Amino acid sequence: MSEHFDVHGGARLVGEVDVVGAKNSVLKLMAAALLAEGTTTITNCPQILDVPLMGDVLRSVGCDVVIDGDTAKITTPAELSHRADSAAMGKLRASVCVLGPLVGRLKQAVVALPGGDAIGSRPLDMHQNGLRKLGATSTIEHGCVVAKADGLRGAQIWLDFPSVGATENILMAAVLAEGTTVIDNAAREPEIVDICTMLTEMGAKVEGAGTSTLTVEGVEKLHPTEHRVIGDRIVGATWAFAAAMTRGDLTVRGVNPHYLDLVLDKLRLAGAEVETFDDKGFRIVQNERPKAVDWVTLPYPGFATDLQPFAVALSAVSEGTSMITENIYEARFRFIEEMMRLSGDARTDGHHAVVRGVEKLSSAPVWAADIRAGAGLVLAGLCADGVTEVWDVFHIDRGYPHFVENLNRLGARIERVSGEPERA
């Protein structure tokens with residue numbers, strides 16, 4: 001049975017909300033547990049659908065995984081299977097991050113091609129090329145990435161693009177390789193720093209976390225650890241946009257505001273009052289209709305592509321005209337088609353979208369294509385006349401714990417409803 005959200009328009013969000021662990025970090029940290037025999041404990045896990053799915057992926061290679069609230073305990077046996085091809089692999093993109101740990105520890109892996117959000121092509125070329133530089137063979141066979149090596153040796157690796165996934169997979173393979181690996185043009189996201197921190201706690205030797213050059217001195221063996229996931233900057237930014245769009249007053253805790261410096265600066269330009277609390281959180285107050293600003297997605301520390309739907313949604317209700325440029329995923333502008341159902345005034349041309357703000361949107365049934373698009377449509381529904389039906393909300397559940405409950409507590413009116421849509 002399908003579910004949708006009935007989102008009642010006209011809400012002003014006011015109050016405090018806590019952000020838990022980052023989705024884009026916890027799944028990779030769970031995969032890193034494969035590198036060490038024994039029990040690794042990960043705390044501050046978000047209670048989202050992707051965490052138990054990753055648990056299923058790890059069980060498929062022989063791990064025992066216990067998830068209790070915000071804690072995941074992963075017991076990795078001495079002998080692992082090198083085949084990660086369970087049904088769960090096709091349900092989340094991050095499942096491919098078991099490739100690096102399996103090759104690093106077992107010197108072989110058969111990993112089913114991943115699924116996940118429909119936001120455009122995300123090839124694995126850089127993942128495979130990095131493993132080849134380390135001495136492995138890597139091919140695509142029968143819907144799986146197949147990698148094998150007699151041994152891994154450190155190498156100089158240049159990434160054509162600072163891919164987060166490729167950086168993580170190469171990093172996790174390199175920590176057990178012989179010699180020194182240097183990854184140039186590496187991703188710099190806070191989630192990369194988080195996994196580097198956990199690997200170091202496990203006994204790895206990694207330098208340069210948070211810069212474009214990672215230097216890894218291989219070690220023979222890692223040990224289990226206990227690690228707390230960093231706060232989710234994408235969820236934190238979602239609440240920031242929610243405050244600005246609904247002309248609200250939200251205090252967001254549990255995320256380092258410096259991860260969102262660019263977002264918060266842009267919201268200041270849009271007319272928001274912004275207060276930050278060291279590394280603990282921030283407050284957004286928007287008293288008037290937001291002013292139009294331009295947005296350009298780029299790798300960190302640029303504006304995250306995950307946040308592009310919120311930039312579009314904010315622009316749709318702002319005063320003036322905004323230009324949004326998408327440089328990462330070509331299919332992310334599919335979100336605009338749904339915004340136009342809500343009477344948003346937007347046009348796209350290649351990597352660019354021009355959005356002319358309207359005073360108020362108009363409710364309609366809309367469909368979420370991915371996690372962030374779904375959340376963006378909910379926020380847009382809060383700014384629309386009438387009741388907006390947001391369908392395919394399983395996407396939202398993959399990225400936002402207790403989303404409906406938090407929104408209702410902050411002054412929204414949203415119901416989760418079971419039933420089939422009228423659209424075929």
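Residues numbered from 1 in each chain as written. Predicted model: local features only at pLDDT ≥ 70, side-chain atom pairs only at ≥ 80, totals over all residues. Heavy atoms only, no water.

Peer 1: What is the right way to look at the pairing of strand β20 (residues 345-349) in this model?
Peer 2: Where a strand is regular, its side chains alternate between the two sheet faces. Where β20 meets strand β21 (residues 352-356), five bridges bridge the pair, whose relative direction is antiparallel. Its bridge partner lying in β21, Asp345 is registered against Arg356. Here β20 hands over to β21 after two residues, with Gly350 in that stretch at a positive phi of 65°. (Pairing = 2+ DSSP bridges. Helix = DSSP H or I, 4+ residues; strand = E, 2+ residues; numbered from the N terminus.)

Peer 1: Whenever I open this one, the sheet that holds strand β8 (residues 137-141) confuses me. Can you help?
Peer 2: Two pairing modes exist for strands in a sheet, parallel and antiparallel, and in both the strands are linked by backbone hydrogen bonds. Spatially, β6-β7-β9-β8 is the arrangement adopted by the four strands of the open sheet, whose pairing is mixed. Edge positions in the open sheet fall to β6 (83-84) and β8, since each of these has one partner strand only. Note that β8 and strand β9 (residues 144-148) share five bridges and pair antiparallel. The residue of β9 that forms the bridge with Ser138 is Ala147. Contacts from helix α4 (residues 125-133) reach β8 and β9 within the one sheet, and its direction differs from that of β8 by about 145°. (Contact = heavy atoms within 4.5 Å. Axes fitted to C-alpha atoms, helices over the stretch in contact; angles between N-to-C directions.)

Peer 1: Would you mind going over the sheet that holds strand β11 (residues 180-184) with me for this structure?
Peer 2: Strand order in the open sheet formed by four strands is β10-β11-β13-β12, and the pairing between neighbours is mixed. Edge positions in the sheet fall to β10 (156-158) and β12 (205-207), since each of these pairs with one other strand and no more. Averaged over all pairs of adjacent strands, the angle between strand axes in this sheet comes to 15°, irrespective of strand direction. Pairing between β10 and β11: three bridges, direction parallel. Across the sheet, residue Trp158 finds its bridge partner in β11, namely Asp184. In the packing of helix α5 (residues 164-174) onto the sheet, contacts are made with β10, β11, β12 and β13 (213-217), and the angle to β11 comes to roughly 170°.

Peer 1: Mind showing me how you'd approach the UniProt feature "binding site: phosphoenolpyruvate" (unreviewed entry) in the chain here?
Peer 2: The sites that carry the UniProt feature "binding site: phosphoenolpyruvate" (unreviewed entry) are, in the present numbering, Lys23 and Asn24. Relative to the helices and strands, Lys23 resides in helix α1 (residues 23-32). Lys23 has contacts with Pro46, Ile48, Asp50, Asp232, Ile371, Arg372, Arg398 and Gly399, leaving out every residue within four places of it along the chain. Positionally, Asn24 belongs in helix α1. The residues touching Asn24, leaving out its near neighbours within four places in the chain, are Glu168, Glu191, Ile234, Asp306 and Arg372. (UniProt positions renumbered as here; feature names shortened; annotations may be inferred.)

Peer 1: Is there a simple way to explain the packing of helix α7 (residues 233-245) against helix α9 (residues 308-316) in this structure?
Peer 2: If you want to describe how two helices pack, look at the angle between their axes and the distance between the axes. Where α7 meets α9, the axes come as close as 10 Å, and the angle between the chain directions of the two elements is 5°. When the axes of α7 and α9 are compared, the pair comes out roughly parallel. Contact residues: Thr238, Phe241, Ala244 and Met245 in α7; Phe310, Ala311, Ala313 and Leu314 in α9. Taken together, the residues of the contact of α7 with α9 sort by class into seven nonpolar, one polar and no charged. (Parallel < 35°, antiparallel > 145°, perpendicular 65-115°, else oblique. Nonpolar A, V, L, I, M, F, W, Y, C, P; charged D, E, K, R; others polar.)

Peer 1: In this structure, what is going on with the side chain of Thr167? I would like to understand it.
Peer 2: By the element assignment, Thr167 lies in helix α5. In this structure, Thr167 is in contact with Leu159, Ile183, Ala186, Ala187, Ile192 and Leu214, ignoring residues within four places of it in sequence.

Peer 1: Sorry if this is basic, but what is going on with the state of the cysteines here?
Peer 2: Note on terminology: disulfide describes a covalent bond linking the sulfur atoms of two cysteines. Enumeration over the complete set of coordinates arrives at zero disulfides. The thiol sulfur of Cys63 is not disulfide-bonded, and the nearest other cysteine sulfur, from Cys97, lies at 12 Å. For Cys196, which is in no disulfide, the shortest distance to another cysteine sulfur is to Cys97 and amounts to 14 Å. With relative accessibility at 3%, the residue Cys196 sits in the buried group. (Disulfide = S-S within 2.5 Å. Buried < 20%, exposed > 50% of the residue type's maximum accessible area, 1.4 Å probe, protein only.)

Peer 1: Can you help me understand the environment of Asn256 in this one?
Peer 2: The topology assignment puts Asn256 in the loop between β15 (249-253) and α8 (261-269). On the basis of relative accessibility, which here comes to 18%, the residue Asn256 falls in the buried class. With 18 residues separating them in the primary sequence, Asn256 and Thr238 have C-alpha atoms 14 Å apart. Excluding anything up to four places from it in sequence, Asn256 contacts Asp278 and Asp279. A distance of 2.9 Å separates a polar side-chain atom of Asn256 from the backbone nitrogen of His258. (Polar contact = N/O pair within 3.5 Å; in protein donor to acceptor, adjacent residues only side chain to side chain.)

Peer 1: Just checking my understanding: could you explain the pairing of strand β17 (residues 281-285) for this structure?
Peer 2: By the criterion of burial, β17 is predominantly enclosed, with four of the five residues buried. In terms of strand pairing, β15 meets β17 through five bridges, oriented antiparallel. In the strand pairing of β17, Arg253 is matched with Gly281. With antiparallel pairing between neighbouring strands as the criterion, strand β16 (residues 273-277) and β17 make up a hairpin whose turn holds three residues, including Asp278 at a positive phi of roughly 50°.

Peer 1: Teacher, can you tell me more about the nonpolar core here?
Peer 2: Most often, soluble globular proteins have nonpolar side chains that are buried together. Counting 78 residues, the largest nonpolar core has Met54, Val98, Val175 and Leu199 as its most contacted members. Residues in contact with Val175, not counting those within four places in the same chain, are Leu35, Leu199, Ala204, Val206, Val216, Glu217, Gly218, Val219 and Leu222. Ranked by size, the runner-up nonpolar core spans 72 residues in total, among them Ala11, Trp239, Ala304 and Val317. (Core = buried A, V, L, I, M, F, W, Y, C linked by side-chain atoms within 4.5 Å.)

Peer 1: Any chance you could explain the confidence of the model for the chain here in plain terms?
Peer 2: The predicted coordinates should not be examined in detail at positions where pLDDT is low. Overall, the predicted model of the chain reaches an average pLDDT of 94, with 97% of residues at or above 70. In this model residues 116-121 is a low-confidence stretch, pLDDT under 50, and it forms 23 contacts with partners more than four residues away in sequence or in other chains. (pLDDT = per-residue confidence, 0-100.)

Peer 1: What is the right way to read helix α3 (residues 99-106) from this model?
Peer 2: Residue pairs spaced three or four apart in an α-helix point in one direction, given the helix's 3.6 residues per turn. With seven of eight residues buried, α3 is to be regarded as a mostly interior element. Within the span of α3, buried status applies to Leu99, Gly100, Pro101, Leu102, Val103, Gly104 and Arg105. Residue Lys107 follows α3 closely and has a positive phi angle near 65°.

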